[in-house]
Amino acid sequence: MAQDTTVPKLNFEYWLDKAIEWGQATTLESQKDVCLHLPQLQEFLHQLYETLKHLGSIVAIQQFPLIGQLLGRLCWNPFVIGYDESQKTLMWCLCCLYSSEPQNPVELKANSWIRSLLCHLLSSSKWESNEAETSTFISTLGYTSADYYCHLVKNMVFSLVRELRENQSNGLNIQGSISASRVNAVSIFCVPLITLPDLTPLLETLLLYHGGSSKEILSSEFLEAVNEAFLKKKVSLPESAVFSLWLRHLPSLEKATLHLLDQLISIQLNSLEEVACVVKDSLL
């Protein structure tokens, strides 16, 4: 396979074979084998993420044509995602495959598949190890699966926003503070979902959140993605959040400035009023 010559240390075929062999770990033997291999699997997933994040979604799929099959199988294995570190790294890998600007039906379908897997990972818990029980539980609540996951995202956003705001207001209450690594992980998770309207309150809260660290706690990928979405008018944010973004990430401010200059040069403006309108709309 092409990926073996490019990144031989990943041993991609071995783990794909393992994922197929394990299935959803319904037998005692497969469950024991998953548990036995979890440390090595976590190491592999971390190496895979480190490789994917430098490739971009299109190149990544070219290098790993069967990566969807591998990640999909692992995401539906309850013994794999029951291990927090594996679940988190799977999310990171999925984020790397998400196309921020899908150019064709294949990429659109891939984005939809990635969102569904992310929702599945978010909703995973003890009682969800059995798919039939999950469907029964959701229907008992009076939801379809799509409605349930939609409410799940909204509730998750509300919970995180409240936690971040309460922590910010607590100030020096170190005991109840949120770790910088957790805030960073939340920002990374948001990257492929930035343009979802339900996520906007969380984006705003993250951009206005600083915590007690002297270093930047939000991931640069998150800051760049939010800025890109804002410049292309794919997300609407209050001025305070946009200003905070530019102050904490100067490359985004630079890109916004160049974007404005490009607009002024390329668009035929008939009056100073139109120029003023474009500048005002840019917030610069």
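Under an unreviewed UniProt entry, the name given to the protein is FANCC protein, and the organism recorded is Ptilonorhynchus violaceus.

**Quick word on the confidence of the model for the protein**
Residues of the protein with pLDDT of at least 70 account for 78%, and the chain-wide mean is 77. Throughout residues 1-8 the model reports pLDDT below 50, and contacts reaching past four residues in sequence, or to other chains, amount to 14 contacts. This model gives residues 172-176 a pLDDT under 50, and the stretch forms one contact once residues within four places in sequence are excluded.

**Some remarks on the packing of aromatic side chains**
Each aromatic ring pair is specified by the distance between its two centres and by the angle formed by the two planes. Taken as a whole, this structure holds seven aromatic pairs when the rule is applied. Relative to W22, the ring of W15 lies with its centre 6.3 Å away and its plane at 55 degrees, an arrangement referred to as tilted. The same class applies to W15 as to W22, namely buried. Arranged with centres 5.2 Å apart and planes meeting at 45 degrees, the rings of Y49 and W92 form a pair that is tilted. With a gap of 43 residues between them, Y49 in helix α3 (residues 28-52) and W92 in helix α7 (residues 84-97) connect regions that are remote in the sequence. For Y49, a relative accessible area of 8% gives the class buried. The class for W92 is buried, based on a relative accessible area of 16%. A connected cluster of aromatic rings, assembled from ring pairs, spans Y14, W15, W22 and F44.

**Re the packing of helix α2 (residues 12-22) against α3**
Running from amino to carboxyl end, α2 crosses α3 at an angle of 150 degrees, the nearest separation of the two axes being 11 Å. Overall, the two elements α2 and α3 adopt an arrangement that is roughly antiparallel. With respect to the hand of their crossing, α2 and α3 are arranged in left-handed fashion. Contacts between α2 and α3 involve F12, Y14, W15, K18, E21 and W22 on the former and, on the latter, S30, D33, V34, H37, Q40, L41 and F44. Per-class residue counts for the contact of α2 with α3 are seven nonpolar, three polar and three charged.

Here is what the cut-offs are and how they apply
- The residue numbering used here restarts from 1 in each chain and proceeds along that chain's sequence as written.
- It should be noted that, the model being predicted, local features are given only for residues of pLDDT at least 70 and side-chain atom pairs only at 80 or more, the latter also being counted only at that level, while totals for whole chains, interfaces and linings use all residues.
- The side-chain values count all of the structure's non-hydrogen atoms but skip hydrogen atoms and water molecules.
- As a per-residue measure, pLDDT reflects the predictor's confidence and takes values from 0 up to 100.
- Contacts: residue pairs with any heavy atoms within 4.5 Å of one another.
- Stacked, tilted and edge-to-face are the three classes assigned to paired rings of Phe, Tyr and Trp, where Trp is represented by its six-membered ring and a pair needs centres within 6.5 Å; plane angles under 30 degrees give stacked, over 60 edge-to-face, the rest tilted.
- Type-normalised accessible area, obtained with a 1.4 Å probe on protein chains alone, sets the label of each residue: buried when under 20%, exposed when over 50%, and partly exposed for intermediate values.
- The secondary structure listing takes helices from DSSP runs of H or I that are at least 4 residues long and strands from runs of E that are at least 2 residues long, numbered from the N terminus.
- Lines fitted to C-alpha atoms define the axes, with helix axes restricted to the stretch in contact, and inter-axis angles between N-to-C directions lie between 0 and 180 degrees.
- Reported orientations rely on four angle classes, namely roughly parallel under 35 degrees, roughly antiparallel over 145, roughly perpendicular from 65 to 115, and oblique for the rest.
- By definition, turning the near helix anticlockwise from the far helix through less than a right angle yields a left-handed crossing, and turning it clockwise yields a right-handed one.
- Only Asp, Glu, Lys and Arg are considered charged in this grouping, and only Ala, Val, Leu, Ile, Met, Phe, Trp, Tyr, Cys and Pro are considered nonpolar; every other residue, Gly among them, is considered polar.

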